[in-house]
Every structure is written in C-alpha cells, then in structure tokens.
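# Observations on the three-dimensional arrangement
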Amino acid sequence: MNRLFAVLASSALLLSASPSFAQQTPDAKEFKSRYDNIVARVGAAGVGVETLLDKWEAAYPDDLDMLLGRFYYCFTKSQSTSIVEKETEKYLGEKPVLSLKDSTGRTVNYFQEVNYDDELFGTAQKALDKAIQTEPDRLDLRFIKVASLIGYEKESPDMALSDLKSLVDYNGMRHPAWTYPGEDKVDADFFSSAIQEYCYLFFRYGTPASFEAFKSLSEKMLVYEPSNVLFLDNLGSYSLVVAKDSKTALKYYNKVLKIKSDDMTAIKNVIILARNDKNEKLEKKYLPMMMKYSQDEAEKLSAKARLDFLNGKK
C-alpha cells in the first residue's frame, strides 16, 4: 500500500512538472489583463511589455487587443524628442518652449519636436493595419492610424490626407455601421465632426501643405454632404486666409447663411472680411446678424457699439 501511494505521488509530481499541465496558455482575456497591469506600471513601451506581447502573439496572432498593444509599443518606442530652432512664432500650431534674443536683438524661437525611427514606426503601422483588417468598422482604429501619420509627417501630411480621403469615400459609398468605444451613437454627425477636427488641425498647423490638406479634405466631404456648413465654412476660411480671395470667401459664407442663418462662423468671418477690405457697407449689413444670433453678451454689445459708430459717421 505504501508503495502504491509512492507511485501515485511520483506520477503526480511528473504530471505537475509537465509543461502541458503545469502552465497552460492563458486565454486572450488573461493576456489583456496582464498587459493592462504592466502598462499601468511601466508604460506602453516599458520593460516586460515586449516579452508579454511576444507570448500573446504566439498564442493569439489575430487578437485585436494584442495588435493594438504591439502598435502602441512600437509607436512609443519609435519616438524621440529634440529641440529645434525656427524663425516662425509658431511651429505646427504650437508656441515655442523657449524664446531668446541673439546678439543682433533678433528673437530666436525654440520648439520641441517629436522624431520617429522609421523601422519601428513601420512595424507599428503594420500591426495597426492588421487590427483594422480584423475590425474594419471600428472607427477609433482608423483615427488612431491618421493621428499617428499626422505626427510622423509633421508639415506635409500627405499620407494622413490620403488615408482620411479614403476613409471619407469608404463612409460615403459603403455606409458602414461604425462603432467607437465609449460612444453609444456613431452617426453621420459624429463622423462629420470627427473629420472636421482633422480639418481644424491641418488649418492650425499653418504650413502650405497643411492648408492644402485642409482645403482638399473639406472638398472631399462636400462631395457626399454638399450642404454641410462645417466644410463650406472651411472653404470660405481657406479663401479668406490662405488665398486672400475675399470675393470667393464671401460667396461661400453667403451660401452657408442661406442654409443656416445663425451660423456664427460665417457671420464673424464676413465681418472680419469687411473690415479687412474696409467695406463698411458690408460690415453694417452683417453686424445686426451678430447682435441677433450671438450667445455672447459682450460680443453683442461690441457689435452694437461698432454699428452705432458706423451709422454715426458722416
């Protein structure tokens, strides 16, 4: 009997030492939990993250969360920062981190710039592209890709623009049932507003290429939504600020106001246009609209004071 117990005990030890019994592969949820815990401690590219991702990928090569983890690891790892000198007051829409005077009294502006390792960035994009293929109607994945491309390309967002225009075409022609984590309703307004955020970012960058991206993306949206005042306003702003074409700008703003009479972007910009052109007649026409539709009391009072001044001039 003692010998039998000894044999059974030996067998149990052998079984527990066997890899197939001692350490079964965690399921995908367990990998995700471990990943979240380690990232919370050390960051997306910290010590131990790559090892965990390698094991996760070996077990579940198509798991969406793993692919996103791989993207964030490589994307974060690819980044480094440097300080660059620019003559402009802003660089990519940001103010300098430091401004100094040189020996001639000229202001020298210094900006922090994020640089990317091409190989690691490319690996990150491959992981993200596979994630998008896995769930093509997850809108957040599309925007993660665009945002990463914008950061990588900086002044000339050519790939980001191409990706966004393809996304607009996909949305307009396929009408996908978009999902977005944390959002209950992902409708046409949600999509348009999100695209407008990228238009704003391109405009804010203020480079020749980004201004053209702002215009091109707005025009692409108007192919599918010709009465969308967001993008009509954008073309008015491009004409006013970039092309210095008051006539064309006014045409777009008037088109907006025929669709949405209380559109404050159009009203304000026409008043700016009128002042730039010293066109008091035009300004007097639109100041009452600001007084009527503005939600800002100070803005209303300012418009009234300006109108009173113009009406009082001889």
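So, here's what we can say about the structure.

The rules we used
- The numbering scheme is per chain: residues are counted from 1 as the chain's sequence reads.
- In keeping with the predicted nature of the model, local features appear solely for residues at pLDDT of at least 70, side-chain atom pairs appear and are counted solely at 80 or more, and the whole-chain, interface and lining totals rest on all residues.
- As a convention, hydrogens and water are excluded, and side-chain values are obtained from all of the structure's heavy atoms.
- In this text, helices come from DSSP runs of H or I with a minimum length of four residues, and strands from runs of E with a minimum of two, each type numbered from the N-terminal end.
- Type-normalised accessible area, obtained with a 1.4 Å probe on protein chains alone, sets the label of each residue: buried when under 20%, exposed when over 50%, and partly exposed for intermediate values.
- Where accessible areas are quoted, they stem from the Shrake-Rupley method and a 1.4 Å probe; at the residue level, only the protein chains shown are allowed to cover.
- All tallies of charge rest on Lys and Arg as positive and Asp and Glu as negative; His and the ends of each chain are not included.
- For the purpose of locating charges, the reference atoms are NZ of Lys, CZ of Arg, CG of Asp and CD of Glu.
- Points on a 1 Å grid, built from protein atoms alone, make a cavity when a 1.4 Å probe fits but cannot get out and make a pocket when they are open with protein on both sides within 12 Å along at least 5 of 7 lines; residues with an atom within 4 Å of a point are the lining residues.
- Grid points are joined across faces, edges and corners, and a volume is the space filled by probe spheres set on the points.
- Residues are grouped as follows: Ala, Val, Leu, Ile, Met, Phe, Trp, Tyr, Cys and Pro are nonpolar; Asp, Glu, Lys and Arg are charged; every other residue, Gly included, is polar.
- Any two residues having at least one pair of non-hydrogen atoms within 4.5 Å are treated as being in contact.
- Note on method: axes are straight lines fitted to C-alpha atoms, helices fitted across the in-contact stretch only, with angles between N-to-C directions ranging 0 to 180 degrees.
- Under this scheme an angle from 65 to 115 degrees is roughly perpendicular, one under 35 degrees roughly parallel, and one over 145 degrees roughly antiparallel; angles in between are oblique.
- In this scheme the crossing of two helices becomes right-handed for a clockwise turn of the near helix relative to the far one and left-handed for an anticlockwise turn of less than a right angle.
- The span you would expect from a helix comes to 1.5 Å times its residue count less one.
- Here a polar contact is taken to be a pair of N or O atoms separated by no more than 3.5 Å, where protein atoms must pair a possible hydrogen donor with a possible acceptor and residues adjacent in sequence count only if both atoms sit in side chains.
- Note on definitions: salt bridges are taken to be side-chain nitrogens of Lys or Arg within 4 Å of carboxyl oxygens of Asp or Glu.
- In this scheme, strands are said to pair when DSSP sees at least two bridges between them.

## Topic: the overall build of the chain
For the chain, the helix and strand inventory stands at 15 helices and three strands. By principal-axis analysis of the C-alpha atoms, the chain measures approximately 120 × 55 × 35 Å. Burial statistics for the chain: of 314 residues in total, 39% are counted as buried. Roughly 18,400 Å² of accessible area belongs to the chain as shown, and the carbon and sulfur atoms make up 53% of that amount. When the 43 positive and 46 negative side-chain charges of the chain are each reduced to one mean point, those points stand 6 Å apart.

## Regarding the layout of surface pockets
Of the volumes computed, that of the largest pocket is approximately 280 Å³. Along the wall of the largest pocket there are 14 residues; nearest its centre are Tyr91, Leu92, Glu94, Gln112 and Tyr205. Mapped by element, the contributors of at least two residues to the lining of the largest pocket are β3 (107-116) and α9 (188-205). The element contributing the most residues to the lining of the largest pocket is β3, with five residues. Its residues placed into classes, the lining of the largest pocket shows seven nonpolar, two polar and five charged.

## Considerations on the side chain of Ser239
When you line up the elements, Ser239 lands in helix α11 (residues 229-242). Ser239 has contacts with Lys244, Asp245, Thr248, Ala249 and Tyr252, leaving out every residue within four places of it along the chain.

## Quick word on the packing of helix α12 (residues 246-259) against helix α14 (residues 280-293)
In contact at an axis separation of 14 Å, α12 and α14 are set at 30° when each is read in the N-to-C sense. What the angle tells us is that α12 and α14 run roughly parallel. When the axes of α12 and α14 are compared, the crossing they make is left-handed. Contacts between α12 and α14 involve Leu250, Asn254 and Leu257 on the former and, on the latter, Leu282, Tyr286 and Met289.

## A short note on helix α13 (residues 264-276)
Compared with the 18 Å implied by 1.5 Å per residue over 13 residues, the 18 Å span of α13 between its first and last C-alpha is a close match. If you check which residues of α13 are buried, you get Met264, Ala266, Ile267, Asn269, Val270, Ile271, Leu273 and Ala274. Two or three places before Thr265, at the opening of α13, Asp263 has a side-chain oxygen 3.3 Å from that residue's backbone nitrogen.

## Describing the pattern of salt bridges
Note on pairing: side chains with opposite charge can pair once their charged atoms come close. One pass over the structure, following the stated rule, counts 20 salt bridges. A salt bridge links Asp102 to Arg106; its shortest N-O distance comes to 3.1 Å. Taking the relative accessible area as the measure of exposure, Asp102 reaches 25% and is therefore partly exposed. Between Arg306 and Glu283 there is a salt bridge; the shortest N-O distance is 2.7 Å. Placement of Arg306 in helix α15 (residues 297-312) and of Glu283 in helix α14 is noted, with a sequence separation of 23 residues between them.

## Here's the deal with the pairing of strand β2 (residues 98-101)
Sheet analysis places β2 next to β3, joined by four bridges and oriented antiparallel. Within the sheet, the bridge partner assigned to Ser99 lies in β3 and is Asn109. Adjacent in sequence and paired antiparallel, β2 and β3 are bridged by five residues, among which Gly105 carries a positive phi angle near 90°.

## Some details on the sheet that holds β2
Taken in spatial order, the three strands make up an open sheet running β1-β3-β2, and their pairing is antiparallel. Each edge of the open sheet is held by one strand with a lone partner, namely β1 (79-86) and β2. Here the strands of the sheet are splayed against their neighbours by 30° on average, with no regard to which way each runs. Those strands touched by helix α5 (residues 64-78) are β1 and β3, and its axis lies near 40° from that of β1.

## A short note on the environment of Lys247
Mapped onto the fold, Lys247 is located in helix α12. Among the residues examined, Lys247 registers a relative accessible area of 73% and is labelled exposed. As for Lys247 and Asp140, which are separated by 107 residues in sequence, their C-alpha atoms are 39 Å apart.

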